[in-house]
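Descriptive analysis of the structure
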Amino acid sequence: MTHDQNTQQSPTSSLLEIFLIFLRLGLTSFGGPIAHLGYFREEFVEKRKWLDDHNYSDLVALCQFLPGPASSQVGIAVGLMRGGALGALASWLGFTLPSAIAMVAFALFMQQTDSNGSWIHGLKVVAVAVVAQAIWGMGKTLCPDRNRATIAVIAATFLMVFPSVFGQVAVILTGGLIGWLWLSSSTNIPNSQLHVPLTGTMGAICLLLFFALLIALPALAHSGPYWLKLVDGFYRSGALVFGGGHVVLPLIQAEVVPTGWVSNDAFIAGYGAAQAVPGPLFTFSAY
């Protein structure tokens with residue numbers, strides 16, 4: 001994007017406008033992360049012209065490279081570019097709040113009902129089917145050739161033998177190194193610039209804070225209060241998730257089921273319910 005384009009598309013939207021747009025998306029965006037990115041493109045590229053296709057493609061690529069929920073990150077970035085830091089907060093609240101409230105309400109309902117009921121069993125079946133479909137879809141997209149399929153099989157085998165957070169980090173780093181050295185991309189991604197109303201210093205501070213919390217929280221939570229253990233568990237889950245919302249399932253399960261915070265049956269039932277609400281899948285953590 002040129003300087004003149006940046007000037008024309010500078011953040012001019014009110015916080016209320018940003019919040020209401022994303023609230024509508026949060027109430028109507030069914031279908032998971034890939035569908036969310038389609039809704040965002042229709043809203044912000046085709047309808048409102050806040051971004052062009054090249055900018056949007058770059059933004060999606062960047063958010064898919066980063067850990068955490070890609071669709072939520074794209075929404076936060078759009079809010080940031082239109083309304084600064086408060087715009088990012090408004091977009092995050094609007095898109096996330098509806099499904100988070102729905103999942104909290106379902107959790108409260110689950111406390112008052114029989115977790116072995118037939119309808120709960122139906123949710124578990126739905127969850128298994130959704131996870132299987134997500135794995136199949138990601139496999140076809142991310143492993144389209146023999147080289148990448150081989151890496152995926154080796155990575156899955158390693159994680160079955162060493163099912164730990166450190167094992168997951170090792171697989172991510174090793175896979176990235178192998179991909180960088182072994183695989184070459186034949187796709188030419190358009191080169192454009194994204195206007196972000198934050199300084200490089202602020203970006204560096206945020207990056208340092210990200211790693212500081214990732215290192216400090218486990219040490220503090222080891223002998224700290226219960227709420228700090230919750231913060232640590234969910235922060236690490238979000239910080240180590242690459243590949244979309246469904247990938248968070250094993251990380252959150254490893255944090256909340258072995259510790260006894262949530263039974264495995266209740267966990268699977270909640271994940272099934274998360275498929276029935278709009279908005280980001282990561283609001284399953286609210287449950």
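Conventions adopted
Residues numbered from 1 in each chain as written. Predicted model: local features only at pLDDT ≥ 70, side-chain atom pairs only at ≥ 80, totals over all residues. Heavy atoms only, no water. Helix = DSSP H or I, 4+ residues; strand = E, 2+ residues; numbered from the N terminus. Buried < 20%, exposed > 50% of the residue type's maximum accessible area, 1.4 Å probe, protein only. Contact = heavy atoms within 4.5 Å. Patch = residues over 30% accessible without salt bridge, like charges linked within 9 Å, V, L, I, M, F, W, Y side chains within 5 Å. Areas by Shrake-Rupley, 256 points an atom, 1.4 Å probe, with all protein chains shown as cover. Salt bridge = Lys/Arg side-chain N within 4 Å of Asp/Glu carboxyl O. Expected span 1.5 Å × (residues − 1). Bend = angle between axes of the 7 residues up to and from the residue. Arc of directions from axis to C-beta. Axes fitted to C-alpha atoms, helices over the stretch in contact; angles between N-to-C directions. Parallel < 35°, antiparallel > 145°, perpendicular 65-115°, else oblique. Left-handed = near helix turned anticlockwise from the far one by under 90°. Nonpolar A, V, L, I, M, F, W, Y, C, P; charged D, E, K, R; others polar. pLDDT = per-residue confidence, 0-100. Core = buried A, V, L, I, M, F, W, Y, C linked by side-chain atoms within 4.5 Å.

This part covers the overall build of the protein. Along the protein, the regular secondary structure elements total 12 helices and zero strands. Moving toward the C terminus, one meets the helices and strands of the protein in the order α-α-α-α-α-α-α-α-α-α-α-α. The 287 residues of the protein split such that 36% are buried. In the protein, of all internal contacts separated by at least 6 residues, the share reaching a separation of at least 24 is 62%.

On to a nonpolar patch on the surface. The grouping of Leu15, Leu86, Leu89, Trp92, Leu93, Leu97 and Ile101 at the surface amounts to a nonpolar patch, some 620 Å² of accessible area in total. In terms of residues, the nonpolar patch owes the most to one element, helix α5 (residues 70-111), which gives six residues. Tracing the sequence through the fold places Leu86 in helix α5.

Here α5 is 42 residues long, yet its end C-alpha atoms lie only 31 Å apart, well below the 62 Å a rise of 1.5 Å per residue gives. When the local axis directions of α5 are compared, the greatest deviation, roughly 145°, occurs at Gly83.

On to helix α2 (residues 15-28). Every α-helix winds through 3.6 residues per turn, so residues three or four apart in the chain are directed the same way. For α2, built from 14 residues, the straight-helix expectation of 20 Å at 1.5 Å per residue is met to within 8% by its first-to-last C-alpha distance of 20 Å. Of all the residues in α2, the buried ones are Ile18, Ile21, Phe22, Leu25 and Gly26. On an axial view of α2, the arc spanned by its buried residues comes to 140°, and they lie on one face. In this structure, the buried residues of α2 make contact with α3 (33-47) and α5.

What follows deals with the pattern of salt bridges. The final tally for this structure, using the stated rule, is six salt bridges. The salt bridge partner of Arg41 is Glu46, with a shortest N-O separation of 2.3 Å. Judged by its relative accessible area of 29%, Arg41 falls in the partly exposed class. For Glu46, a relative accessible area of 44% translates into the label partly exposed. Between Asp53 and Arg41 there is a salt bridge, and its shortest N-O distance comes to 3.0 Å. Of this pair, Asp53 sits in helix α4 (residues 53-65) while Arg41 sits in helix α3, placing them 12 residues apart in sequence. Using a relative accessible area of 35% as the deciding quantity, one classes Asp53 as partly exposed.

At their nearest, the axes of helix α10 (residues 226-239) and helix α11 (residues 248-256) sit 9 Å apart, and the two run at 160° to each other. Between α10 and α11, the angle falls in the class roughly antiparallel. Considering only the axes of α10 and α11, their crossing is right-handed. Across the interface between the two elements, Gly233, Phe234, Arg236 and Ser237 of α10 pack against Val248, Leu251, Ile252, Glu255 and Val256 of α11. Among the residues making up the contact of α10 with α11, the classes are represented as five nonpolar, two polar and two charged.

In this section: the confidence of the model for the protein. Low-pLDDT stretches of the model should not have their predicted coordinates read in fine detail. Mean pLDDT for the protein: 78, with 78% of residues reaching 70 or above. The element-level mean pLDDT for the protein is lowest in helix α1 (residues 3-8), coming to 41, with α2 highest at 92.

A separate point is the nonpolar core. Grouped together as the largest cluster of nonpolar side chains are 23 residues, with contacts concentrated most on Met103, Met110, Ile252, Phe267, Phe284 and Tyr287. Counting only elements with at least two residues in this core, the list comes to α5, α11 and α12 (264-274). Counting residues per element, this core draws most heavily on α12, at seven residues. When near neighbours in sequence (up to four residues on either side) are disregarded, Phe284 contacts Met103, Ile252, Phe267, Gly270, Tyr271 and Ala274. Counting 20 residues, the second-largest nonpolar core is a separate cluster that includes Leu37, Val45, Cys63 and Ala90.

Our next topic: the packing of α5 against α12. At a minimum axis distance of 11 Å, the contact between α5 and α12 shows a crossing angle of 145°. Handedness of the crossing formed by α5 with α12: right-handed. Between α5, through Met103, Phe106 and Met110, and α12, the contact on the second element is made entirely by Ala266, Ala269, Gly270, Ala273 and Ala274.

Moving on, we get to the environment of Ile21. Note that Ile21 resides in helix α2. A C-alpha to C-alpha distance of 8.9 Å links Ile21 and Glu43, two positions 22 residues apart in sequence. Those residues in contact with Ile21, other than ones at most four positions away along the chain, are Glu43, Phe44, Arg48 and Trp50.

With that settled, the discussion passes to the environment of Ala273. Mapped onto the fold, Ala273 is located in helix α12. Relative accessible area serves as the criterion here: at 7%, Ala273 is assigned to the buried category. In sequence terms Ala273 and Phe106 are 167 residues apart; their C-alpha atoms lie 8.0 Å from each other.

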